[in-house]
Structure formats: structure tokens, C-alpha cells
Amino acid sequence: MVDVSQLNTEEQSPNSIPNFSSEQLQQIVQALSALNRRPFGNSDNNINVAALITTQTKPKTYDEAVGNPLWQQAMNDEIGALERNHTWSLVPLPPGHKAIGYRWVYKINHNSDGSVERYKARLVAKGYTQVEGVDYKETFSPTA
């Protein structure tokens, strides 16, 4: 079984994704498979595997995310989707108006077995800075 205390993750920052060796990854997969075959219990093995799963944290800022290739790919995928869907078009900023700020929001999607399905990044506008009648005239919200 996997023993978290034997994994070498001390050199990493608390918000980085641990770099496990192929042997450690194999042990994690075996431990997760074993958990799926056993009734849930409070054994040390269950606690160790749960601790491994929770070591992956999402970044809170762009600076934290940009250093990780997984988050870089997630951000590139989001920009690509926005361009493919023609979500926006670049236009000159009208005189007397301020640009609306934005931020990245990060999320880790998991499969039902606890494994990582994908790293998801969303670019969102800080819409709370907008003024009705100045920045927009009407809103549209599709309903079912």
C-alpha cells in the first residue's frame, strides 16, 4: 500500500501538483483499486490514499497557475474555445469608458474513483464593475 510519509513532496510548494514516480503512481492506482473492492473503513490505508488525493490543489492566482504546464494547457484550451465560439471580438475602447477587468478561475474535475479527469480554467469578467445603461443596455438569459 501507499505510505504518504515515504513520498518525496517536501521540496514542492503547498499549491503545486506533486511529481510522483511511475512506481508511486502504480502504487496509488493499486490502492485506489483495492479501495473500490473493499467496504469503506477507517484503516490507515484509506487515510493515506485520501491524503494523496487531497494533495492536489487548485491555484488561487494566475501567477501560481502559469508555472504549471497542466494549468497552462487548461488556460490555452479556454482561450481556444472562446475564439472558436466567437465569444468576443476585439474593438477599440470608446473614449470615456474603462475596460472591464477579468480573472482566471481554476477547478480540478475528478472522476467517480477520485482520479483527475481534467484541469479546467475559466476566464471570467468582473461584471460587478459594470453600470447599466453605460456599459450595457440589456441582458439576455436563456431559459428552458
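Just above, that's the structure.
Residues numbered from 1 in each chain as written. Predicted model: local features only at pLDDT ≥ 70, side-chain atom pairs only at ≥ 80, totals over all residues. Heavy atoms only, no water.

Description of the overall build of the chain
Then, number 1: A count of helices and strands for the chain gives four helices and two strands.
Then, number 2: Put simply, the chain runs from its N terminus to its C terminus through helices and strands in the order α-α-α-α-β-β.
Then, number 3: The buried share of the chain, reckoned over its 144 residues, is 21%.
Then, number 4: Summarising the internal contacts of the chain: among those between residues at least 6 apart in sequence, 54% fall at separations of at least 24.
Then, number 5: Put simply, the chain shows about 11000 Å² of open surface, and 53% of that area lies on carbon and sulfur atoms. (Helix = DSSP H or I, 4+ residues; strand = E, 2+ residues; numbered from the N terminus. Buried < 20%, exposed > 50% of the residue type's maximum accessible area, 1.4 Å probe, protein only. Contact = heavy atoms within 4.5 Å. Areas by Shrake-Rupley, 256 points an atom, 1.4 Å probe, with all protein chains shown as cover.)

Observations concerning the side chain of asparagine 109
Then, number 1: Position of asparagine 109 relative to the elements: it lies in strand E1 (residues 102-110).
Then, number 2: By relative accessible area, which is 14% here, asparagine 109 ends up buried.
Then, number 3: Apart from the residues within four sequence positions on either side, asparagine 109 is in contact with Ser115, Val116, Glu117, Arg118 and Lys120.

Concerning the packing of aromatic side chains
Then, number 1: Tallied over the full model, the rule gives two aromatic pairs.
Then, number 2: Each ring, one from tryptophan 71 and one from tyrosine 106, has its centre 5.3 Å from the other, and the planes form 75 degrees; the classification is edge-to-face. Here the residue tryptophan 71 occupies a position in helix H4 (residues 69-84), and tyrosine 106 occupies one in strand E1, the gap between them amounting to 35 residues.
Then, number 3: Consider the rings of tryptophan 71 and tyrosine 119, whose centres lie 5.0 Å apart with planes at 80 degrees: the pair is edge-to-face. Linking tryptophan 71 in helix H4 with tyrosine 119 in strand E2 (residues 116-125), this pair joins segments that are 48 residues apart in sequence. Accessibility classification places tryptophan 71 together with tyrosine 119 in one group, the buried group. (Phe/Tyr/Trp six-rings, centres within 6.5 Å; stacked < 30°, edge-to-face > 60°.)

Digging into the layout of surface pockets
Then, number 1: Considering only enclosed or pocket space, the largest pocket measures out at about 750 Å³ in volume.
Then, number 2: Along the wall of the largest pocket there are 22 residues; nearest its centre are Trp88, Ser89, Leu90, Ala99 and Ile100.
Then, number 3: Those elements that provide at least two residues to the lining of the largest pocket are H4 and E2.
Then, number 4: Of the residues belonging to the lining of the largest pocket, the class tally is 14 nonpolar, five polar and three charged. (1 Å grid on protein atoms, 1.4 Å probe; cavity = no way out; pocket = protein on both sides within 12 Å on 5 of 7 lines; lining within 4 Å. Points joined across faces, edges and corners; volume = space filled by probe spheres on them. Nonpolar A, V, L, I, M, F, W, Y, C, P; charged D, E, K, R; others polar.)

Side note on the environment of leucine 93
Then, number 1: Tracing the sequence through the fold places leucine 93 in the loop between H4 and E1.
Then, number 2: Those residues in contact with leucine 93, other than ones at most four positions away along the chain, are Lys98 and Ala99.

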